[in-house]
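Spelled out from the first residue to the last, the chains are:
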Amino acid sequence: MKPLIFNIYAPDQIMMDKIQNELEAEKGEVNAHLFPDGELLFRFESSLKNREVILVATLDHPNPKLLDLIFFARTAKDLGAKKLTLVAPYLAYMRQDKQFQIGEGVTSRYFASVLSSCFDALITVDPHLHRYKFLAEIYTIPTQVVSASAVIAEWISKNIKNAFLIGPDAESVQWVSDIAERCHSPFIILEKTRYSDHDVKMTAPKILATDEQTPVLLDDIVSSGWTLTEAAKTIQPHFKNKILCVAVHAVFSDAVYRDMCAHYKAAVGFELNLVTTNTVQHVTNKIDVSQFITDVLIN
Ligand code: R5P
């Protein structure tokens, strides 16, 4: 029987259509009813008995989405779904991977434990693996990680002549080195110290760049944009060409994006030029990762 695919918080229709078409999946129908008191009830119009069910929900700004995911999954299981796979192009809470301050918890573990108790499998794109090397350290269900490196490298090779790649912090070395190798470009990694959400300081190693090279700043997540801005401020004086910023996950609201653009312009001296993948929908999305997700689902 064909898998059933549901969209609750899919980042964009391109991704939904691609997954659905390539899997020859059937589009699932579900109604989310909100009672006058704000309580939620899912009613599935499609029959789930013994069906493989795929839910596409990207998890930026995850808190208001979480109860929907839990109730969706619990209802689907009660109605007989055989296997329930969560495709979360962006996976939240991965950055809270240790106790940073006394009195805090490790929310990556709590989030992983909730999702693991609801779904049978998880597929995501470039989760923020830093202190954890594998999702299996916190997720108890089978997980598969899709890397956006190949498609980012392809985009850079097609669009930028003489790219010089820059990673803003130690975590970024994993994807920056991989993309640099694929693009045959040089790269450096900056040193970042974060004092608070909006207080980030950078230092750079010696940069020997030619006038022809274009600096490409690469990060996995852009949230407040302070990392990008501080990194751009640090490296721009070493280059003649303007910096291009590329990120996998555009994890910010419109209001934050407006502030980020204004702050970047004031600090760096020109407009922010940001390109992202479509794991979270945004006007900066120029790189489509849907094919990689589809490949993992098919195999
Ligand atoms: C952190 O280690 C990540 O790789 C990103 O650099 C960080 O999450 C970006 O956050 P923001 O845009 O708030 O500086």
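It should be emphasised that the depicted structure is a prediction, and the values quoted were computed from it without experimental measurement.

> Help me understand the domain arrangement of the chain, please; the structure alone is not making it clear to me.
Note on interface size: it is often stated as the accessible area lost on association of the parts. Once the domains are mapped, the chain shows domain 1 (4–147 + 288–298) and domain 2 (149–278). Each of domain 1 and domain 2 has a C-alpha centre, and the two are 29 Å apart. Domain 1 puts 18 residues into the contact, and the matching count from domain 2 is 16 residues. Together domain 1 and domain 2 conceal approximately 1,500 Å² of surface at their shared face, both sides included; 55% is due to carbon and sulfur atoms. The largest share of the area that domain 1 buries against domain 2 comes from Tyr 90, Asp 126 and His 128, three residues that together contribute 31% of it. At the junction of domain 1 and domain 2, the tally comes to zero salt bridges. The interface formed by domain 1 and domain 2 contains eight residue pairs in polar contact (both at pLDDT 80 or more). In the side of domain 1 that touches domain 2, the residues fall into eight nonpolar, five polar and five charged.

> Looking at this structure, I do not really get the site of the ligand. What am I missing?
Residues in close proximity to the ligand total 15 residues, the closest being Glu 171, Asp 219, Asp 220, Ser 224 and Thr 227. At a separation of 2.6 Å, an oxygen atom of the ligand approaches a polar side-chain atom of Asp 220. Its free accessible area being 380 Å², the ligand has 95% of it covered by the protein chains. Secondary-structure elements contributing two or more residues to the shell around the ligand are β11 (191–196), β13 (214–222) and α6 (226–235). Considering every element that reaches the shell around the ligand, the biggest residue donor is β13, with four residues. Residues of the shell around the ligand, tallied by class, amount to three nonpolar, five polar and seven charged.

Cut-offs used in this document
- Residues numbered from 1 in each chain as written.
- Predicted model: local features only at pLDDT ≥ 70, side-chain atom pairs only at ≥ 80, totals over all residues.
- Heavy atoms only, no water.
- Domains from an automatic or database assignment.
- Contact = heavy atoms within 4.5 Å.
- Buried area = accessible area lost by both parts, 1.4 Å probe.
- Salt bridge = Lys/Arg side-chain N within 4 Å of Asp/Glu carboxyl O.
- Polar contact = N/O pair within 3.5 Å; in protein donor to acceptor, adjacent residues only side chain to side chain.
- Nonpolar A, V, L, I, M, F, W, Y, C, P; charged D, E, K, R; others polar.
- Near = heavy atom within 4 Å.
- Areas by Shrake-Rupley, 256 points an atom, 1.4 Å probe, with all protein chains shown as cover.
- Helix = DSSP H or I, 4+ residues; strand = E, 2+ residues; numbered from the N terminus.

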